[in-house]
Amino acid sequence: MLSQFLKVMTSSIMKKQLMGVTGLLLCGFLITHLLGNFLIFVGPDAFNLYAYKLTSTPLIYVAEAVLLAIFLTHMGLAARLTIENKMARPVGYYMTQATGRGLTFASSTMPWTGIGIGVFVVLHILHFKFGAHYDVVVDGVEMRDLYKLVVEEFQSKAFTFGYIVAMAFVGVHVSHGFWSAFQSLGFNHPKYTPILKVASLVYALAVFGGFASLPIYCFLQGVQ
Ligand code: HEM
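**With respect to the overall build of the protein chain**
A count of helices and strands for the protein chain gives 10 helices and two strands. Looking at the protein chain residue by residue over its 224 residues, the buried ones come to 20%. Counted over contacts in the protein chain with a minimum sequence separation of 6, partners at least 24 positions apart contribute 77%.

Set out below in structure tokens:
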């Protein structure tokens, strides 16, 4: 009986830890993606050259496969843990009591913001990765004009607004997810956990503000 209980507990703790690791890896991806996208502010050549260099190495296929595996693991585990927790405590009490992490707007909406981000990522890849192919020559090399595509997509008010809402979902999700991942990995300290919570909020605001600034900038490019 006890061994059975320990087995279940261990596996659920392992699942939480794996969710924490994959969540933190996705947080790292968000920062690199954001920094790369900031080249839109530098200009078309800088952004197109960056995208070209990134996608013209065969290693990109490995990177994409790893990224996909991380996304799928994170979402699959999140779905499983949410269902398991709901079944164990149908009154929605698990978030506060079982984890001791307090119930905030961000923590109680994690499954919903997560689903929203999942839908966003699929549409996002369809729009940009598999969207229209324009060509441009930079430094004598022919490459995809992703800058044109991005600016063109953000000429629509609805599209731009939809993106800003999606970025708010991302911001709310990581404002809880970032520090919560450390807790899942066993880091819990009376002095440093409050600092981590502030860092989480700063990170979330930077991700939201940084990503939201891009559609706004591209939209305004067309208005001028
Ligand atoms: C305004 C914000 C954003 C802009 C302008 C943007 C732009 C782009 C562009 C242009 C691509 C295609 C790159 C290529 O094919 O070479 C791309 C790919 C991608 N983006 Fe974003 N992105 C934004 C926000 C996000 C966010 C918030 C996430 C995650 C939650 C995300 C996840 C991805 C993923 C997973 C890919 C596919 C990467 C690959 O397969 O190599 N993006 N993005």
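**A short note on the site of the ligand**
Taken together, 18 residues sit near the ligand, with Glu64, Phe128, Lys129, Phe211 and Leu214 positioned nearest. For the shell around the ligand, the secondary structure elements donating two or more residues are helix 1 (2–37), helix 3 (44–55), helix 7 (110–129), helix 8 (146–153), helix 9 (157–184) and helix 10 (192–223). If you tally residues by element for the shell around the ligand, the top one is helix 7, at six residues. Across the shell around the ligand, the residue classes tally to 12 nonpolar, four polar and two charged.

**Things to note about the pairing of strand 1 (residues 135–138)**
Sheet analysis places strand 1 next to strand 2 (residues 141–144), joined by four bridges and oriented antiparallel. Looking at strand 2, one finds that Val136 is bridged to Met143. Between strand 1 and strand 2, which pair antiparallel in sequence order, lie two residues; one of them, Asp139, sits at a positive phi of approximately 50°.

**Comments concerning the nonpolar core**
If you look at the biggest cluster of nonpolar residues, it comprises 24 residues, and the most contacted ones within it are Tyr147, Val150, Val170 and Cys218. Within the residue set of this core, elements represented by two or more residues are helix 3, helix 8, helix 9 and helix 10. Top contributing element to this core by residue count: helix 9, with nine residues.

**Here's the deal with the packing of helix 7 against helix 9**
Direction vectors running N to C along helix 7 and helix 9 enclose 135°, while the axes themselves pass 9 Å from each other. As the angle between them shows, helix 7 and helix 9 are arranged oblique. By crossing handedness, the relation of helix 7 to helix 9 is classed as left-handed. Along the contact surface, helix 7 presents Met110, Thr113, Gly114, Gly116, Ile117 and Phe120, while helix 9 presents Ala166, Phe169, Val170, Val172, His173 and His176. A class-by-class count of the residues in the contact of helix 7 with helix 9 yields seven nonpolar, five polar and no charged.

**A word on the environment of Phe38**
Looking at where Phe38 falls in the secondary structure, it is placed in the loop between helix 1 and helix 2 (39–42). With 176 residues separating them along the chain, Phe38 and Leu214 place their C-alpha atoms 7.6 Å apart.

**Some thoughts on unusual backbone geometry**
Residues other than glycine seldom take positive phi values, yet Asp139 does so here, at roughly 50°. Structurally, the position occupied by Asp139 is in the loop between strand 1 and strand 2.

**A look at helix 3**
The first and last C-alpha atoms of helix 3 sit 16 Å apart over 12 residues, in line with the 16 Å expected at 1.5 Å per residue. Inspection of helix 3 places Phe47, Asn48 and Ala51 among the buried residues, and these make up the whole buried set. Seen from one end, helix 3 has its buried residues packed into an arc of 95°, which puts them on one side. Residues of helix 3 that are buried make contact with helix 2, strand 1, strand 2 and helix 8.

**A closer look at the confidence of the model for the protein chain**
Looking at the protein chain as a whole, the pLDDT averages 91, with 89% of positions reaching at least 70. In this model residues 93–100 is a low-confidence stretch, pLDDT under 50, and it forms eight contacts with partners more than four residues away in sequence or in other chains.

**Considering helix 8**
Within the span of helix 8, buried status applies to Leu146, Tyr147, Val150 and Val151. One face of helix 8 carries all of its buried residues, which in axial projection span an arc of 130°.

**Thoughts on the environment of Gly118**
Tracing the sequence through the fold places Gly118 in helix 7. Measuring from C-alpha to C-alpha, the distance between Gly118 and Leu72 comes to 9.6 Å, with 46 residues separating the pair along the chain.

What counts and how
- Residues numbered from 1 in each chain as written.
- Predicted model: local features only at pLDDT ≥ 70, side-chain atom pairs only at ≥ 80, totals over all residues.
- Helix = DSSP H or I, 4+ residues; strand = E, 2+ residues; numbered from the N terminus.
- Buried ≥ 20, exposed ≤ 12 C-beta atoms within 10 Å, placed from the backbone.
- Contact = placed C-beta atoms within 7 Å.
- Near = placed C-beta within 6 Å.
- Nonpolar A, V, L, I, M, F, W, Y, C, P; charged D, E, K, R; others polar.
- Pairing = 2+ DSSP bridges.
- Core = buried A, V, L, I, M, F, W, Y, C linked by C-beta atoms within 7 Å.
- Axes fitted to C-alpha atoms, helices over the stretch in contact; angles between N-to-C directions.
- Parallel < 35°, antiparallel > 145°, perpendicular 65-115°, else oblique.
- Left-handed = near helix turned anticlockwise from the far one by under 90°.
- Expected span 1.5 Å × (residues − 1).
- Arc of directions from axis to C-beta.
- pLDDT = per-residue confidence, 0-100.

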